Amino acid sequence: MKRLAIIASGDLGQQIAYHATQDKQFDVVGFFDDYANPETSKNTILGTVEDIERVYKANRFDELIIAIGYKHFEIRAQLFTRFRNKIPFATFIHSSCYVDESCKIGSGVCLFPGSVLDANVEIQNNVLVNVACTIAHDSIIGSHTFLSPRVAIAGFVTIGENCNIGINSTIIDCIKIINGTQIGGGTVVISNIEKKGLYVGNPSRFIR
Ligand SMILES: CC(=O)SCCNC(=O)CCNC(=O)[C@H](O)C(C)(C)COP(=O)(O)OP(=O)(O)OC[C@H]1O[C@@H](n2cnc3c(N)ncnc32)[C@H](O)[C@@H]1OP(=O)(O)O
């Protein structure tokens, strides 16, 4: 079983560690965290971000995953760029997901339980798909983006990089959403989003 190290030991890190372990896909050996105290943390803290390469070279883990959430997209993306050619990133697809064999799944991706990905879906690097999402055929989810639980995406949709798509939102077919868009919970997107910002409601409206 591959040994997994996780950047950040907060709530998201705990969820990833839980699912990766419970699904018997990885042996989670610890976390890198700039803010946790290794002496007092209940988790195994392998060091800070500055220690990652040294600990990898010491053969303490095989693959890495980033558990920095949607409040810190820039850091999440920077860390992926920093380590992508130096350390293998894990791809975690929970065994309860249906992922069509034609899908392309990038590295550093987490698919939490119960998601369904139909034919020709592309999930780019470092994306997190939370529980029970449905992504229909030929849709693309851009790097670093977060899908909250139960997001429903129709066919031929393109979602940009660094987007945060709120719980239970719906995006109809052929929609394009630009990089850095935030979508509130329960939003229904029926037209392209071409201006970066926060959108809510049915149909979606720009609020800031
Ligand atoms: C496993 C997990 O838990 S993953 C995380 C899942 N969580 C989510 O998906 C949360 C999504 N977050 C939301 O929907 C939030 O309401 C946000 C981010 C859209 C907005 O939050 P805030 O910045 O606090 O906005 P605020 O509450 O001040 O609302 C601003 C306006 O938008 C409206 N609004 C806010 N959210 C929504 C929404 N989801 N749908 C419709 N209208 C909304 C408010 O009613 C308010 O309208 P008003 O100005 O007419 O009074």
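Residues numbered from 1 in each chain as written. Predicted model: local features only at pLDDT ≥ 70, side-chain atom pairs only at ≥ 80, totals over all residues. Heavy atoms only, no water.

The protein is annotated in an unreviewed UniProt entry as PglD N-terminal domain-containing protein of Aurantibacter aestuarii.

**As for unusual backbone geometry**
Spelled out, the test is: Secondary structure elements follow DSSP: runs of H or I of four or more residues count as helices, runs of E of two or more count as strands, with numbering from the N terminus. Relative accessibility under 20% of the residue-type maximum defines a buried residue, over 50% an exposed one, and the middle range a partly exposed one, all with a 1.4 Å probe and only protein chains included.
With an omega dihedral of -5°, the bond running from Asn202 to Pro203 counts as a cis peptide bond. Tracing the sequence through the fold places Pro203 in the loop between β22 (198–200) and β23 (205–206). Positive phi values are uncommon outside glycine, yet Cys174 reaches one of about 70°. Structurally, Cys174 is set in the loop between β18 (170–171) and β19 (176–177). By relative accessible area, which is 43% here, Cys174 ends up partly exposed.

**Considering the site of the ligand**
Put simply, the rule reads: Being near a molecule or strand, for a residue, comes down to having at least one heavy atom within 4 Å of it. Any pair of nitrogen or oxygen atoms within 3.5 Å is treated as a polar contact; in protein, a donor-acceptor pairing is required on top of that, and neighbouring residues in sequence qualify only through side-chain atoms on both sides. Residue burial considers only the protein chains on display, and all accessible areas are found by Shrake-Rupley using a 1.4 Å probe. Residues were grouped as follows: Ala, Val, Leu, Ile, Met, Phe, Trp, Tyr, Cys and Pro as nonpolar; Asp, Glu, Lys and Arg as charged; and all remaining residues, including Gly, as polar.
Taken together, 14 residues sit near the ligand, with Gly166, Ile167, Gly184, Gly185 and Arg208 positioned nearest. With respect to the ligand, the backbone of Ile167 contributes an N or O atom lying 2.7 Å from an oxygen atom. Interatomic distance of 2.7 Å between a backbone N/O atom of Gly185 and a nitrogen atom of the ligand. Here the ligand, which alone exposes 980 Å², has 43% of that area covered by the protein. Tallied by class, residues from the shell around the ligand come to 6 nonpolar, 7 polar and 1 charged.

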